[in-house]
Amino acid sequence: MPAITGQEFLDRLRQNPPTLYIDGQRVEDPTTHLATRNMAHSLAGLYDLQNQPDLRDVLTYEENGQRYATSFMVPRTKEDLAKLGESHRIRANFSLGFLGRAPDYMNANVMAAGMGADYFASCTASGEGKRDFAANMRRYYEFVRNNDLCLTHALTNPQVNRAKMASEMPDPYIALGVVEETEEGVIVRGARMMATLPIADEILVFPSTVLKENADKSRYAMGFALPCNAPGLSFQCREPFDVGRDPEDHPLGSRFDEQDAFVIFDDVLVPWERVFLLYDVELANKAYAATDAVLHMAYQVVNLKVAKTEAFLGTAQSIVNAIGSGQFQHVQSKVAEIIVMLEIMKALEVAARDGATLNKYGVMTPARGPLDAARNYYPAVYARLPELLQYLGASGIIMMPSKADREGPLGPQIAKYLQAGNATAEERLKLFRLAWDMSMSSFGGRQSLYEKFFFGDPVRMHSALYEVYNKGPYVDRIQAFLNRSEKPQQEEVTA
Ligand SMILES: Cc1cc2nc3c(=O)[nH]c(=O)nc-3n(C[C@H](O)[C@H](O)[C@H](O)COP(=O)(O)OP(=O)(O)OC[C@H]3O[C@@H](n4cnc5c(N)ncnc54)[C@H](O)[C@@H]3O)c2cc1C
């Protein structure tokens, strides 16, 4: 059932619910639970988009007589990459870019890992018949694509003591580790710190990119996938931001609370066919880079952030239009700041696509330089976007009677006093509530944290960029300049 509909997604989720806990209680059915149902239906809306006649050609592609979601497509040409980028942006616009982990993100991951599956063949624990990790990875990509699954992922260990290695914690199984091997697979125990979008079919588990262990062989080095309702697996969700308010009052939080969960593995069996990597620290640390999964995920991200920045620009200018502040120079300058960020992100997307090359697995892979720049730049500047909305909206971004207030006894006064220069009070309040949910609500606050860390610790990402970036030619040019010996022209002095 490739390229599924929203209803098919909801039916599957209802039949196989992930093991979620919220406020001390098990979520029996995420499609009806108060804290998750709207998000589940938003995901369904995303799946419906790909079946919409006017979007079907962009959001799906055909292979062997089947139509699959474009985000699973293996790009072979730059035109393929352009189609992928367009599909990412269309899907991002559905949530104004506020769904960080829509399924396309992990689809890009499994596509690249599946194409680069040979990388996993060299794993020290691989190569013995059922432990053909390369074949497992390849088949997993096809399985996820063929069923149009929704994936979450968890890479980092619990934040107990960052001065210590996983093996030095008070308990060897605080960090997720292998307990033993059995005929059926490996038993894993421990926890992972964060999985956004636990309202998913499957979880992909790899180590965070830099696993610090002294040994070559480590119980903490692993890569595998499981259904989100595997026995022994639980997701402890954070406090929900969808608190049952009308979408007019909480336009984003009531629709797109993708949730973040702490993931607990209580002696979970990972069947051998779901194991992609085991014990090999070096292989684990380089997996994302070696398969180019990091670049394909970053390409989804740069498109998503373009959509998100466009949403900030549209909201900022709508506020300016509403309250007639566009004549003031500093207001123009603030909107211009957003335009600059948007154009930088758009240019980095174009540069990544333009500089794409075929990787050794035959996948057209966007250029690393612009994507590294985008994933370092955006986390550094994002905080300015909600701040600019606050400066532009001022008191309007907090003085926002609700829909119920508008319909209550003070409705006529609200309609009179809170109208805008170019809009009714209802239109104005809807707009300012959107600005508030983007920048100030608990939903908006979580977005600010998310943008700082979603692709890793910005400090270590900078260090990684410093390490890999080829600075040599520029150093050489400066050396050559410093070594130049020509003398300045002397003007002849004539009497
Ligand atoms: C909202 C949100 C959603 C997320 N979603 C996901 C997800 O879906 N899947 C997933 O796998 N992860 C997810 N993450 C986790 C994200 O990958 C991590 O936040 C990020 O890698 C940083 O790790 P940490 O949070 O454990 O911070 P820590 O590593 O605990 O860092 C805490 C502080 O200590 C500093 N620090 C720690 N160690 C070092 C060091 N060695 N060198 C220099 N400074 C150091 C950091 O710079 C930081 O200031 C999410 C995070 C957030 C906030």
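Note that the structure is a prediction, hence the values are computed from the model and not measured.

Visitor: Explain the site of the ligand to me, please; I cannot follow it from the model alone.
Guide: Inspection of the region around the ligand gives 21 residues, with Leu-155, Met-194, Thr-196, Tyr-450 and Phe-453 positioned closest. Among the secondary structure elements, those contributing two or more residues to the shell around the ligand are β5 (151-154), β7 (185-196), α15 (442-453) and α16 (458-468). Mapped onto the domain boundaries, the shell around the ligand takes at least three residues apiece from domain 1 (6-284) and domain 2 (293-476).

Visitor: Explanation requested: helix α2 (residues 37-49) in the structure shown.
Guide: For α2, built from 13 residues, the straight-helix expectation of 18 Å at 1.5 Å per residue is met to within 8% by its first-to-last C-alpha distance of 18 Å. Listed in full, the buried residues belonging to α2 are Met-39, Ala-40, Ser-42, Leu-43, Leu-46 and Tyr-47. Angular distribution of buried residues about the axis of α2 spans 160 degrees; they occupy a single face of the element. On its buried face, α2 sits against α1 (6-15) and α4 (78-94).

Visitor: Honestly, the UniProt feature "binding site: FAD" (unreviewed entry) in the protein in this entry has me stumped. Any pointers?
Guide: Per the UniProt record, "binding site: FAD" (unreviewed entry) is found at His-153, Ala-154, Leu-155, Gln-159, Val-160, Asn-161, Arg-162, Thr-196, Asp-457, Pro-458, Val-459 and Arg-460. Overall, the presence of 8 C-beta atoms within 10 Å leaves Gln-159 in the exposed class. The class of Val-160 is partly exposed, set by 15 C-beta atoms lying within 10 Å. Residues contacting Val-160, with those up to four places away along its chain left out, are Met-169 and Ile-174.

Visitor: I tried to follow the pairing of strand β9 (residues 217-227) on my own but got confused; where do I start?
Guide: Regular strands have side chains that alternate between both faces of the sheet. Within β9, 9 of the 11 residues are buried, which leaves the element mostly enclosed by the surrounding structure. Note that β9 and strand β12 (residues 275-280) share 4 bridges and pair antiparallel. Across the sheet, residue Gly-223 finds its bridge partner in β12, namely Leu-277.

Visitor: I'm lost on the confidence of the model for the protein in this one. Help?
Guide: Reading fine detail from the predicted coordinates is not recommended where pLDDT is low. Confidence in the prediction of the protein, expressed as mean pLDDT, is 95, and 97% of residues score 70 or more. Interface confidence for the predicted complex, given as ipTM, is 0.98, next to a pTM of 0.96.

Visitor: Just to check I follow, could you spell out the packing of helix α8 (residues 293-323) against helix α10 (residues 368-381) for this structure?
Guide: Helix packing geometry: the angle between the two helix axes and the distance between the axes. Direction vectors running N to C along α8 and α10 enclose 55 degrees, while the axes themselves pass 10 Å from each other. Compared by their axis directions, α8 and α10 come out oblique. Judged by the sense of rotation from one axis to the other, the crossing of α8 with α10 is left-handed. Packed against α8, whose contacting residues are Leu-295, Ala-298, Tyr-299, Val-301, Val-302 and Lys-305, the element α10 presents Arg-368, Leu-371, Ala-374, Arg-375 and Tyr-378 at the interface. When grouped by side-chain class, the residues that make up the contact of α8 with α10 number 8 nonpolar, no polar and 3 charged.

Criteria and thresholds
Residues numbered from 1 in each chain as written. Predicted model: local features only at pLDDT ≥ 70, side-chain atom pairs only at ≥ 80, totals over all residues. Near = placed C-beta within 6 Å. Helix = DSSP H or I, 4+ residues; strand = E, 2+ residues; numbered from the N terminus. Domains from an automatic or database assignment. Expected span 1.5 Å × (residues − 1). Buried ≥ 20, exposed ≤ 12 C-beta atoms within 10 Å, placed from the backbone. Arc of directions from axis to C-beta. Contact = placed C-beta atoms within 7 Å. UniProt positions renumbered as here; feature names shortened; annotations may be inferred. Pairing = 2+ DSSP bridges. pLDDT = per-residue confidence, 0-100. Axes fitted to C-alpha atoms, helices over the stretch in contact; angles between N-to-C directions. Parallel < 35°, antiparallel > 145°, perpendicular 65-115°, else oblique. Left-handed = near helix turned anticlockwise from the far one by under 90°. Nonpolar A, V, L, I, M, F, W, Y, C, P; charged D, E, K, R; others polar.

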